[in-house]
Amino acid sequence: MMPNQKNIMIRFSFIILIMVLVGIAIICKAGVIMFAERQYWKDVADRFVKENVSIPSTRGNIISADGQLMASSLPEYKIYMDFMINKKKGETEEEEKTRLKLQHIKDSILNANLDSICKGLHEIFPDKSTAYFKQHIRNGRKKESRSWLLYPKRISYIQYKETKRLPVFNLNKYKGGFHEQVFNQRKKPFGSLAMRTLGDMFPDIEKGAKNGLELSYDSILRGRDGITHRQKVMNKYLNIVDIPPIDGCDIITTIDVSMQDIAEKALVDKLKEINATVGVAILMEVQTGDIKAIVNMTKCNDGIYREIQNNAISDMMEPGSTFKTASIMVALEDGKITPDQIIDTGNGVYNMHGRPMKDHNWHRGGYGAITTTQTLMYSSNIGVSRLIDQNYHNQPEKYVEGLYKLGIATPLNLDIPGAGKPNIRMPNKDNWSRTALAWMSIGYETQVPPINTLTFYNAIANNGVMVKPKFVKSIVKDGQIVEDIPTEVLNPAIASPKTIQDIQMILEKVVSEGLGKKAGSKQFHVSGKTGTAQVSQGKGGYKTGTMRYLVSFCGYFPSEMPKYSCIVAIQKPGLPASGGLMAGSVFSKIAERVYAKHLAQDLKGAKDSTSIFIPDVKNGDINAAHYVLKRINIPTYNIPEEVEEGKPVWGNVTCNPDNVLFNKKDISNKLVPSVIGMGAKDAVYLLESMGLKARVTGTGKVRSQSIPAGNTLHKGQSIQLKLN
């Protein structure tokens, strides 16, 4: 090889080596930028190069029918500190000196105010000490962080504004270094109230809604995002808005907060009392279909009842005896039976095509011969199933067609996702047995969500007009109504006026004379039907493991001019299980409290000139009761004379049609007194004044006390009182 060629090869190899080393250096530098310096360059990019950046719109509010804010988007913040002065690329020696001087000034200001800053942060966030904040900030400066998280949790707008007032933090972010990240968080001021119906958002609100009204009306609530970009103007970067954001509309729900609270409290109290697993209560306005309250409670592993899923609209369960009303209506409408027709239920056990059908009182000899009306009053399985089987056994499809005409099988297509559709099968040779008709007639072999059952009973209350349950009344923008949501009529007449009148009469008797008495009220008439059903365990049938029951009551009030309809459905393990006693008592509490709060009465117009309205007076301090009754001109008798004003006089009360009779009783300080029939206030006052510790559950009057009256009194003992 010639010398020149050798020199050329050496040079060529050297150049290749240099290029390889430069390539390796570029790859290494790219790796450093991608990983080690990623956050720094990301911050620089976010600060100076932002094109077509989305400006999130503000999500609309969900507002109750009575004007209360039920869900709203509120800002939350994470707060950061940038400890460094920007270092320019290729800065000159003079620029570096200026930067270091500014950095020294920035550090000096921070150190001079560090005590005040940390003390202020501790006052705003008391879970962290002043010393913690001082050490935390020093660590951030030591690491020369450009985005040091000052507090680990998101903070509220009020906390953010208070933090911004602290020294250094009140400067702009380029001088002081304090900056924030904003999050839009969905908040519910009333906590869990109607939570499942309102719905939830994903933790990252930008991902949208998960369920409930939030999801159904997402396109209306979310609005439209805007677009902005950063532009350098006179050596400063400004955010230029290209398309302004359009905030979402508000929706006005039909839910009334006070009614929702009434329904939830009444239901949860009963669920705790009977150790139930699931409870549902829905309150609907008869004429409009407006859902005024909807409660879904499930017992969690910790024993607390919470809204986990929307059982009121999704539970596909056999309704039990509340379905008997539909069966009787079909036969009345077809002219097969009359309200006074006699049916023999025998001794409470009947052989229905080879399978025993039992009434709930079979062990007491059954009901014998009863009328059609009484079959519903006493919820007779034999009575209802025999009436239907006698008239439709050879034409079961005619019976099922009658159910469809009543609308109980109609899908409601509700505003809320996840609603179940009634499953009432049409007979054919593959799905029908000799006993299918009889058991279907009493609420088995069908699945109907609670809200569909309520919609059917609401149609009875509404003189046959079936309206769709409604959750939203209107859509509002800037205080102006954009759209009113009208009442939708699903069926203008589910049955003839004669059938409607007959069933209304029967349902009123169920409560006034039948098994639904617990659902009634002394103040007004209630109509409805009880329901008690065994819950199928799927493939295991009804007998596998612990027996589970669905107890329910569905009806409306006041009977003469119905304003509201309501269903209460409770799932519980084991016996006892009674729709009238358990669900009916919840219905009564809801009805009475809603009636007292929202159906104002003019008592002068409601009574004639000779009548006397006698309130329900509790046992207890008869001196206080006398004081009140005297001032509303109610006659009282047997009140002790010469009693010190304000001093309690203990006794029992008898309410007569035109007066109130008091009976004073002596209280021994050595024996436990009887507080049965007293209100919580008097009972607790009396017991604790004698040295006992009273514990109260429920509302109303005391129905039982854990230490019987007459036992020797031991001070410090705890006594449990159950009110009802």
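Now for a look at the structure at hand. Once a new chain begins, its residue numbering starts again from 1 and follows that chain's sequence as written. With the structure being a predicted model, the display of local features is reserved for residues of pLDDT at least 70 and the display and counting of side-chain atom pairs for 80 or more, all residues being used for whole-chain, interface and lining totals. As a convention, hydrogens and water are excluded, and side-chain values are obtained from all of the structure's heavy atoms.

1. A few points about a negative patch on the surface
Taken together, the side chains of Glu93, Glu94, Glu95 and Glu96 make up a negatively charged region of the molecular surface. Helix and strand labels come from DSSP, where a helix needs a run of H or I of at least four residues and a strand needs a run of E of at least two; each type is numbered from the N terminus. Inspection of the secondary structure assignment puts glutamate 93 in helix H3 (residues 93-124). Each patch is built from residues that are more than 30% exposed by relative accessible area and take part in no salt bridge. Like charges join if they lie within 9 Å; nonpolar side chains (Val, Leu, Ile, Met, Phe, Trp, Tyr) join within 5 Å. Only the protein chains shown count as covering a residue, and every accessible area follows the Shrake-Rupley method with a 1.4 Å probe. What makes a salt bridge here is a side-chain nitrogen of Lys or Arg within 4 Å of a carboxyl oxygen of Asp or Glu, nothing more. In this tally, Asp and Glu contribute negative charge and Lys and Arg positive charge; neither His nor the terminal groups of the chain are included. By convention, the charge on Lys lies at NZ, on Arg at CZ, on Asp at CG and on Glu at CD.

2. Concerning the sheet that holds strand E28 (residues 693-697)
The strand order across the open sheet built from 3 strands is E28-E30-E29, with neighbouring strands paired in mixed fashion. Two strands in the sheet have a free side with no partner beyond their single neighbour: E28 and strand E29 (702-705). Recorded for the sheet is a direction-independent mean angle of 30° between the axes of neighbouring strands. For E28 and strand E30 (residues 718-723), the ladder comprises 5 bridges, and the chain directions are parallel. When the sheet's bridge partners are listed, valine 696 is paired in E30 with leucine 721. Strand contacts of helix H21 (residues 680-689): E28, E29 and E30, with the helix running at about 160° to E28, the strand carrying the most contacts. The criterion for strand pairing is that DSSP finds at least two bridges linking the strands in question. All axes here are fitted lines through C-alpha atoms, helices being fitted over the stretch that makes contact, and every angle between N-to-C directions spans 0 to 180 degrees. It only takes one pair of heavy atoms within 4.5 Å for two residues to be counted as in contact.

3. Section: the pairing of strand E27 (residues 660-664)
Here 2 bridges tie strand E25 (residues 636-637) to E27, and the two strands are oriented parallel to one another. Considered in E27, the bridge of tyrosine 637 is made with leucine 661. Pairing of strand E26 (residues 650-655) with E27 involves 5 bridges; the strand directions are antiparallel. Bridging from a neighbouring strand, threonine 654 pairs with leucine 661 of E27. Between E26 and E27, which pair antiparallel one after the other, the connecting turn spans 4 residues.

4. Here we look at the pattern of salt bridges
Enumeration according to the criterion identifies 22 salt bridges in this entry. Salt-bridge contacts for lysine 153 lead to aspartate 127; the nearest nitrogen and oxygen are separated by 4.0 Å. With a gap of 26 residues between them, lysine 153 in the loop between strand E4 (148-149) and strand E5 (155-156) and aspartate 127 in the loop between H3 and helix H4 (130-142) connect regions that are remote in the sequence. Here the residues in one salt-bridge network are Arg59, Arg186, Glu214, Asp218 and Arg222, joined through shared partners.

5. Side note on the packing of aromatic side chains
Within 6.5 Å between ring centres, the rings of Phe, Tyr and Trp (the latter by its six-membered ring) count as paired, and their orientation is classed by plane angle as stacked under 30 degrees, edge-to-face over 60, tilted in between. Considering all chains together, one arrives at 15 aromatic pairs under this definition. A centroid spacing of 5.5 Å and a plane angle of 80° characterise the contact between phenylalanine 456 and tyrosine 457, whose relative ring orientation is edge-to-face. For the pair phenylalanine 456 and tyrosine 457, one class covers both residues: buried. An aromatic cluster of at least three residues, connected via ring pairs, comprises Phe524, Phe553, Phe557, Tyr564, Phe587 and Tyr595. A 1.4 Å probe rolled over the protein chains alone gives each residue an accessible area, and that area as a share of the maximum for its type sets the label: buried under 20%, exposed over 50%, partly exposed in between.

6. Quick look at the sheet that holds strand E11 (residues 291-299)
If you walk across this open sheet you meet the 6 strands as E12-E11-E10-E23-E22-E21, and the pairing is antiparallel. Every interior strand has two partners, whereas the edge strands, strand E12 (305-306) and strand E21 (527-534), have only one. Here strand E10 (residues 278-285) runs beside strand E23 (residues 564-573); their pairing, made up of 8 bridges, is antiparallel. Looking at E23, one finds that valine 278 is bridged to glutamine 571. Across the face of the sheet, helix H17 (residues 497-512) comes into contact with E21 and strand E22 (548-557) while running at roughly 70° to E21.

Function cannot be inferred from these measures alone, as they are strictly geometric.
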